[in-house]
Amino acid sequence: MKLYFDPHSRAQVAKWMLDEAGVDYEIVPTLIREKAHKKPEYLKINPAGKLPALVDGRTRVFENAAICMYVAEKFPEARLAPSVGSPDRGRYLSLMVYSTAQLEPSMGDSLLGLHSNNSARGWTDFEHAKDAVERELGYGPYLFGAQFTAADVMIGSMFIWHRAFGGRSNRAKIDAYIDRLQARPKGMKFG
């Protein structure tokens with residue numbers, strides 16, 4: 001497997017997932033400052049011209065949520081997703097999509113200080129997104145109790161980015177969750 005990667009991009013999320021899965025992969029430096037993600041050969045892998053992208057033989061996957069789901073399914077022994085048919089599977093898929101459809105855009109609005117009618121744009125505001133995540137955390141250390149999953153990679157990475165850009169959750173439960181995620185030996189690293 002090859003991960004097209006810039007350390008200053010969202011590709012950090014896909015790298016974290018691959019590391020948690022404990023699989024071998026090659027980093028293909030794809031530096032944004034050099035516009036490598038806009039070159040024709042890269043656009044054949046990811047037509048959106050964004051990072052990350054993962055190539056596994058003849059399979060190409062782009063978008064972090066898709067990469068995380070692909071890796072979790074390809075390496076079930078890593079136990080990074082509830083199995084197909086499990087009662088938790090629907091909740092897992094919902095959280096994977098929630099991370100990019102609701103949490104990420106609301107977080108971006110918050111960091112940029114945008115206060116518009118988000119419901120017209122299709123996503124909630126950041127405070128309501130944090131409410132939802134707090135409810136989903138329940139009392140476990142992770143979203144699925146003691147089991148760390150790809151949903152933690154996706155949801156957690158949003159809060160890690162938020163913190164890295166100077167944002168504060170102002171929620172003790174979420175702050176403790178972020179601390180646990182960052183303390184993981186294979187947790188998302190910057191730089």
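Going by the structure above, here's the rest.
The structure presented is a predicted model; accordingly, all values stated were derived computationally and were not measured.

Another point: the pairing of strand β1 (residues 2–5). Two elements, β1 and strand β2 (residues 26–29), share four bridges in a ladder whose sense is parallel. Paired with Lys-2 across the two strands is Glu-26, which belongs to β2. Taken together, β1, helix α1 (residues 11–21) and β2 constitute a β-α-β crossover, and its handedness is right-handed. Bridging between β1 and strand β3 (residues 53–56) involves three bridges; their strand directions are antiparallel. Of the residues in β3, the one forming a bridge with Lys-2 is Val-55.

Next up on the list: α1. Most of α1 is tucked away: ten of the eleven residues are buried. Among the residues of α1, Ala-11, Gln-12, Val-13, Ala-14, Trp-16, Met-17, Leu-18, Asp-19, Glu-20 and Ala-21 are the ones counted as buried. Contacts made by the buried residues of α1 are with β1, β3, α3 (64–74), α7 (150–164) and α8 (172–183). Backbone geometry just after α1 places Gly-22 at a positive phi near 70°.

Below, the discussion takes up the sheet that holds β1. Sheet architecture is open: four strands sit in the order β2-β1-β3-β4, paired in mixed fashion. Bordering the open sheet on either side are β2 and β4 (59–62), each of which pairs with just one other strand. Across the sheet, the mean angle from the axis of one strand to that of its neighbour is 20°, orientation sign disregarded. In this fold α1 packs onto β1, β2 and β3, with an angle of close to 150° to the strand it touches most, β1. Strands in contact with α3 are β3 and β4; relative to β4, the strand with the most contacts, it is inclined by about 135°.

What follows covers the environment of Ala-150. Along the polypeptide, Ala-150 turns up in helix α7. In sequence terms Ala-150 and Ala-72 are 78 residues apart; their C-alpha atoms lie 7.0 Å from each other. Beyond its immediate sequence surroundings of up to four residues, Ala-150 is in contact with Met-17, Cys-68, Leu-80, Tyr-92 and Met-96.

Glancing now at the nonpolar core. Considering soluble globular proteins, one finds that nonpolar side chains tend to be buried as a cluster. Membership of the largest hydrophobic core comes to 54 residues, with the highest contact counts inside it found for Tyr-4, Met-17, Val-71, Tyr-92, Leu-103, Leu-143 and Phe-159. Elements with a minimum of two residues in this core: β1, α1, β3, α3, α4 (89–112), α6 (126–137), α7 and α8. In this structure Leu-143 touches Arg-91, Leu-95, Glu-136, Leu-137, Ala-151, Asp-152, Ile-155 and Tyr-177, once residues within four positions along its chain are discounted.

As a further point, take the pairing of β3. Residues Ala-53 and Val-55 of β3 are buried on one face, and the alternating residues Leu-54 and Asp-56, pointing to the opposite face, are buried as well. Pairing analysis gives four bridges linking β3 to β4, with the strands arranged antiparallel. The residue bridging Val-55 from the neighbouring strand is Arg-60, located in β4. Counted between consecutive antiparallel strands, the loop separating β3 from β4 contains two residues, among which Gly-57 sits at a positive phi close to 65°.

In this structure the tally under the stated criterion is five aromatic pairs. Ring geometry for Tyr-142 and Phe-148: centres 5.4 Å apart, planes at 85°, overall edge-to-face. The exposure class of Tyr-142 is buried, given its relative accessible area of 12%. In this structure an aromatic cluster arises from ring pairing among Trp-16, Tyr-142 and Phe-148. Looking at Arg-184, its charged tip hangs above the ring of Phe-148, at a distance of 3.7 Å from the centre.

Criteria and cut-off values
- Residues numbered from 1 in each chain as written.
- Predicted model: local features only at pLDDT ≥ 70, side-chain atom pairs only at ≥ 80, totals over all residues.
- Heavy atoms only, no water.
- Pairing = 2+ DSSP bridges.
- Helix = DSSP H or I, 4+ residues; strand = E, 2+ residues; numbered from the N terminus.
- Right-handed = clockwise from strand over helix to strand, strands pointing away.
- Buried < 20%, exposed > 50% of the residue type's maximum accessible area, 1.4 Å probe, protein only.
- Contact = heavy atoms within 4.5 Å.
- Axes fitted to C-alpha atoms, helices over the stretch in contact; angles between N-to-C directions.
- Core = buried A, V, L, I, M, F, W, Y, C linked by side-chain atoms within 4.5 Å.
- Phe/Tyr/Trp six-rings, centres within 6.5 Å; stacked < 30°, edge-to-face > 60°.
- Lys NZ or Arg CZ within 6 Å of the ring centre and 35° of its normal.

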